[in-house]
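The chain contents come next:
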Amino acid sequence: MPRRSLALLATAILLLGLTAPAVQAKAADSTLDATAASALCDTLFGDTFDISSSEPLAACQWDMSLINANDATHARATGKGVRVGDIDSGVDLTHPDVAPNLDLAHSCSFIFDHDPTALPVEMANGDCSNKAAVQDYSGHGTHTASTIAAPINGIGIAGVAPEATIVAIKACTHVGYCFADSVAAALRYAGDLRLDVVNLSLFADPYLYYCGNDAQQRAIYQSLQSAARYAQQRGVLIIAAAGNQADDMAHPTTDVISPDWPPDAAVERVVHNNCKRAPTELPGVLAVSATGPIGIPGYTMNIASYSDIGMGVVGVAAPGGDYFSATGTVQDAVLAAWSSTDDGTFDFYTTLSQFPGLTVIDHGARYIEINGTSMAAPHATGVAALIKQLHPGWGPGAVSAALQRTASPLACPAGWQPLFDGDLRLRCQGGGGKTSFFGSGLIDAWAASH
């Protein structure tokens, strides 16, 4: 899912030709320092959201304000003592909003030398002594890790659980492929370590849906299910992104992107309920859909334009961002840390001078506005860490139940209609506190910490 998350900006900006406020003309490129970015965000969000922390970029963190991941909540719980696995593209080992809470000793790369999309430097084959292989050459893993647990240190942003410990478990390559063998190995490793919770902002390549009537797909799905079960039996709560296909997973109809490797191998195929996403639809996994900045006047859709949904599949909703949906700016996405060794995304985004604050530099460290369910899941993972700190004896089922029980119900959008050709979310179902779009509702860090 990493590469799919980044593609959302290219679609929104380059194809839709959207523009930002008049301040854009003053920017030589998109990059702002923390002071300028904070001032812009205060103009956009100050009338709607309180500042969630003392961090320099807190004014841009509408996402943290929306879920009450703020100073009041952190006076009760910070995630201290909770170990969170981030199964992703690794992390920037030097980023000041990741490194302080990183358990490098247990971080590990499960990129194998037979992976056709990987850089040689990423390949460790599960040899956890090779710490250099954990370095993030994408940026995606750095973003998700900082959303979970960026410390309150006077630099950049604050995470949902700013004192939780991050274990970076690399299963995705620099170009965003997260092959099933790497994902399964990463889940088993999380179980070996008996981590408290893991975040998977991905789907396991090469299939979006694994169908039971195909022997190869069935075998791959079963291997992932076995790995997830092993982790869960050893106390690990698994949280996963719902996906960015604007699809209804409870009523799947078509899959046009599988297999996504080798190149040009994808065929359009009919899929039904015998076809499942992984890890999203693995038993016991808490799937997270994405919202935009709920509360901005005129923004009533709430569900992000790209977010997958599904009754009985989506457990909760969380801020994933949605470019231009509420304020008409890229700040409607989620701002978080980015790697210094990315794939060129940051440098490319800096050329988009009409979108100031799309990229931000603070204390020499990179931050970027990105949206996707990849961004929603780590918010839920962070809240799970808060719950686990307060209830260390609870198992994964109890933590998941608390996360859902304390969520704020969201109603189906009034008069919902698909937003564009190819939007497969034909209707929003449910009521009385549980819907196909938002599950039990929007996560709430303050309520969960009580």
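As a reminder, the structure under discussion sits directly above these lines.
Everything quoted here is computed from the prediction, not taken from an experiment.

Asker: Kindly report on the pairing of strand E14 (residues 359–362), identifying the contributing residues and their values.
Answerer: Pairing between strand E1 (residues 31–33) and E14: 3 bridges, direction parallel. When the bridges of E14 are listed, aspartate 33 appears paired with isoleucine 361. In this structure, E14 lies alongside strand E15 (residues 365–370), joined through 4 bridges in antiparallel fashion. Considered in E15, the bridge of threonine 359 is made with isoleucine 368. Between E14 and E15, which pair antiparallel in sequence order, lie 2 residues; one of them, histidine 363, sits at a positive phi of approximately 50°.

Asker: Tell me about the pattern of salt bridges, residues and numbers included.
Answerer: Oppositely charged side chains can form a pair if their charged atoms are brought close together. Scanning all chains against the criterion turns up 7 salt bridges. Here arginine 277 makes a salt bridge to aspartate 308, at a shortest N to O gap of 2.9 Å. With a gap of 31 residues between them, arginine 277 in the loop between strand E10 (275–276) and strand E11 (286–291) and aspartate 308 in the loop between E11 and strand E12 (314–319) connect regions that are remote in the sequence. For arginine 277, a relative accessible area of 1% gives the class buried.

Asker: Please set out the sheet that holds E12 residue by residue, giving values where relevant.
Answerer: Reading across the sheet, the 7 strands line up as E3-E4-E2-E5-E7-E11-E12 and stay open at both edges, with parallel pairing between neighbours. Each edge of the open sheet is held by one strand with a lone partner, namely strand E3 (108–109) and E12. One ladder, built from 5 bridges, connects E11 with E12; its direction is parallel. Paired with alanine 287 across the two strands is valine 314, which belongs to E12. Running at roughly 160° to strand E2 (residues 83–88), helix H5 (residues 140–149) makes contact with E2, strand E4 (165–170) and strand E5 (197–200) of the sheet.

Asker: Please set out unusual backbone geometry residue by residue, giving values where relevant.
Answerer: Cis geometry marks the peptide bond from serine 258 to proline 259, where omega comes out at -10°. You can see proline 259 is positioned in the loop between strand E8 (254–255) and strand E9 (269–270). One non-glycine residue, asparagine 125, lies in positive phi territory at about 55°. Mapped onto the elements, asparagine 125 comes out in the loop between E3 and H5. With a phi close to 55°, arginine 194 is a non-glycine residue in the positive phi region. Mapped onto the secondary structure, arginine 194 falls in the loop between helix H6 (180–193) and E5. Residue class for arginine 194 comes out partly exposed when judged on its relative accessible area of 46%.

Cut-offs and rules
- Residues numbered from 1 in each chain as written.
- Predicted model: local features only at pLDDT ≥ 70, side-chain atom pairs only at ≥ 80, totals over all residues.
- Heavy atoms only, no water.
- Pairing = 2+ DSSP bridges.
- Helix = DSSP H or I, 4+ residues; strand = E, 2+ residues; numbered from the N terminus.
- Salt bridge = Lys/Arg side-chain N within 4 Å of Asp/Glu carboxyl O.
- Buried < 20%, exposed > 50% of the residue type's maximum accessible area, 1.4 Å probe, protein only.
- Contact = heavy atoms within 4.5 Å.
- Axes fitted to C-alpha atoms, helices over the stretch in contact; angles between N-to-C directions.

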